[in-house]
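Chains, contacts and geometry: an overview
Chain residues, written in single-letter form:
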Amino acid sequence: MSESISTLINSENKGDRITALNMLREIEPSIAFGYIKQLITDNNTRVRYAAVSQLATLGSQNLTESLTILRDRLVNDPEPDVQAAAADSIGALKLTDAFEDLQKLYETTPEWLVQFSIIAALGELGDPRGLQLLQTALNNETSLVQTAAIGAIGELGDAIGVESIVPFVTHPDWQIRYQLARALRNLGGDLATQNLAILATDAVEQVAQEAKGIS
């Protein structure tokens, strides 16, 4: 199979290279990691996106090298989709050394999708340095980024974050209220409990059940 993968990776046909990426899931991860590095800077956006996304799992074979690769794609890739995938993989691999890169890109990119992926990644990283940026993201003009920020604050598990998210208890978007209920249950404390009691009477059943801890 390795010979077939090598041939496909070096093919000029984009579809062949995508096929090679799919085949990497079927071989030894340590070997697959060596192959995937050849496609990280592919000239086709879709191939790069798929390769960077797959590093979320394969990257554990060499975290130091993966950090270097993902930092480069996060900062230097011309396509927002690939930058977003790099942020996703950084979060999945918990590469906290990339925190400052994530923060800087969040503050400079005009792309909401990239911002969304960065905020979600900060929740996965679990780095307490992320709380301040997450609180800033609560004011993002894109509701999906706000929702991700609430969820990420909940993932961080720092009760200090409760005060910054409870104003969303009356937000008109029920998906934001739902995410808030999840976050408050994770954070705990008196203030969280008080607001969970409010959400437990929410008109949207999914929100009320989440607030009550009913799965």
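As a convention, each chain's residues are numbered from 1 in the sequence order in which they are written. Where local features are concerned, this predicted model is filtered to residues with pLDDT of at least 70; where side-chain atom pairs are given and counted, the filter is 80 or more; whole-chain, interface and lining totals use all residues. Based on all heavy atoms of the structure, the side-chain values leave hydrogens and waters out of the count.

1. Here we look at helix 7 (residues 99–108)
Test applied: Only protein chains enter the area calculation, which uses a 1.4 Å probe; residues under 20% of their type maximum are buried, those over 50% are exposed, and those in between are partly exposed. A run of H or I in DSSP counts as a helix once it spans at least four residues, and a run of E counts as a strand once it spans at least two, with each numbered from the N terminus. The arc in question is formed by the directions pointing from the helix axis toward the C-beta atoms. Between two residues, a contact is recorded if the distance between any of their heavy atoms is within 4.5 Å.
Among all positions in helix 7, only F99, L102, L105 and Y106 are buried. In a view along the axis of helix 7, the buried residues occupy a sector of 135°, so they form one face of it. Projecting away from the buried face of helix 7 at angles above 90 degrees are the exposed residues E100, K104, E107 and T108. Those residues of helix 7 that are buried lie in contact with helix 5 (63–76), helix 6 (80–92), helix 8 (112–125), helix 9 (130–137) and helix 10 (143–156).

2. Describing the environment of A86
For A86, the position within the fold is in helix 6. Considering only alpha carbons, one finds A86 and R73, 13 residues apart in sequence, at a separation of 6.2 Å. Aside from chain neighbours lying at most four places away, what touches A86 is V52, L70, R73 and L74.

3. Quick look at the packing of helix 1 (residues 2–9) against helix 2 (residues 14–23)
Rules: Note on geometry: axes are lines fitted to C-alpha atoms, helical ones only across the stretch in contact, with angles between N-to-C directions running from 0 to 180 degrees. Crossing handedness is defined as follows: a turn of the near helix away from the far one that is anticlockwise and smaller than a right angle gives a left-handed crossing, while the clockwise case is right-handed. For this classification, the nonpolar set comprises Ala, Val, Leu, Ile, Met, Phe, Trp, Tyr, Cys and Pro, the charged set comprises Asp, Glu, Lys and Arg, and every other residue, Gly included, is treated as polar.
For the pair helix 1 and helix 2, interaxial distance at closest approach is 7 Å and the crossing angle is 145°. Seen from above, helix 1 lies across helix 2 with left-handed handedness. Across the interface between the two elements, S4, I5, L8 and I9 from helix 1 touch D16, R17, T19, A20 and M23 from helix 2. When grouped by side-chain class, the residues that make up the contact of helix 1 with helix 2 number five nonpolar, two polar and two charged.

4. As for unusual backbone geometry
A negative phi holds for most residues other than glycine; trans holds for most peptide bonds. Even without being a glycine, K94 presents a positive backbone phi close to 55°. Summarising the element assignment, K94 is placed in the loop between helix 6 and helix 7.

5. Focus: the nonpolar core
Where we set the bar: The criterion is simple. A nonpolar core is a set of buried Ala, Val, Leu, Ile, Met, Phe, Trp, Tyr and Cys residues joined through side-chain atoms within 4.5 Å.
Judged by nonpolar contacts, the single largest core of 70 residues is most densely connected at I119, I165 and L184. No other element matches the seven residues that helix 10 contributes to this core.

6. Some thoughts on the environment of T45
Within the secondary structure, T45 sits in helix 4 (residues 45–58). Through-space distance from the C-alpha of T45 to that of S4 is 23 Å; in sequence the pair is 41 residues apart. Residues in contact with T45, not counting those within four places in the same chain, are E79 and V82.

7. Section: the side chain of S66
What counts is decided by this rule: Pairing of N or O atoms within 3.5 Å defines a polar contact, subject to two protein rules: one partner must be a possible hydrogen donor and the other a possible acceptor, and residues neighboring in sequence count only if both atoms are side-chain atoms.
As for its position among the elements, S66 is in helix 5. For S66, a relative accessible area of 0% corresponds to the buried category. Polar contacts involving the side chain of S66 include one to the main-chain carbonyl oxygen of G59, which spans 2.9 Å. Those residues in contact with S66 that sit more than four places away from it in its chain are F33, L55, G59, L93 and L95.

8. Focus on the packing of aromatic side chains
Let me state the cut-off plainly: Two rings belonging to Phe, Tyr or Trp (six-membered ring only in the last case) form a pair when the distance between their centres is within 6.5 Å. Interplanar angles under 30 degrees mark stacking, angles over 60 mark edge-to-face geometry, and anything in between is tilted.
Applying the stated criterion across every chain yields a total of two aromatic pairs. Between the aromatic rings of W112 and F116, the centroid separation amounts to 6.4 Å while the plane-to-plane angle is 70°, which identifies the pairing as edge-to-face. Residue W112 and its partner F116 are located together in helix 8, separated by four residues, close to a single helical turn. Look at W174 and Y178: their rings are 6.4 Å apart centre to centre, the planes differ by 75°, and that puts the pair in the edge-to-face class. Residue W174 and its partner Y178 are both found in helix 12 (residues 174–187); the two are separated by four residues, about one turn of the helix.

9. Quick word on the packing of helix 9 against helix 10
Geometry of a packed helix pair, given as the angle between the helix axes and the separation of the axes. Going by this rule: Each angle receives one of four descriptions, namely roughly parallel if under 35 degrees, roughly antiparallel if over 145, roughly perpendicular if within 65 to 115, and oblique otherwise.
Viewed as axis vectors pointing N to C, helix 9 and helix 10 meet at an angle of 150°, and their least axial separation amounts to 8 Å. With respect to helix 10, the axis of helix 9 lies roughly antiparallel. Seen along the crossing, helix 9 lies across helix 10 with a hand that is left-handed. Between helix 9 and helix 10, the contacting residues are G130, L131, L134, Q135 and A137 on the first element and V145, Q146, A149, A152, I153 and L156 on the second. Class assignment for the residues of the contact of helix 9 with helix 10 results in eight nonpolar, three polar and no charged.

10. A closer look at the side chain of S89
As for its position among the elements, S89 is in helix 6. Judged by its relative accessible area of 1%, S89 is buried. In contact with S89, other than residues within four places in its own chain, are V52, S53, L55, A56 and L70.

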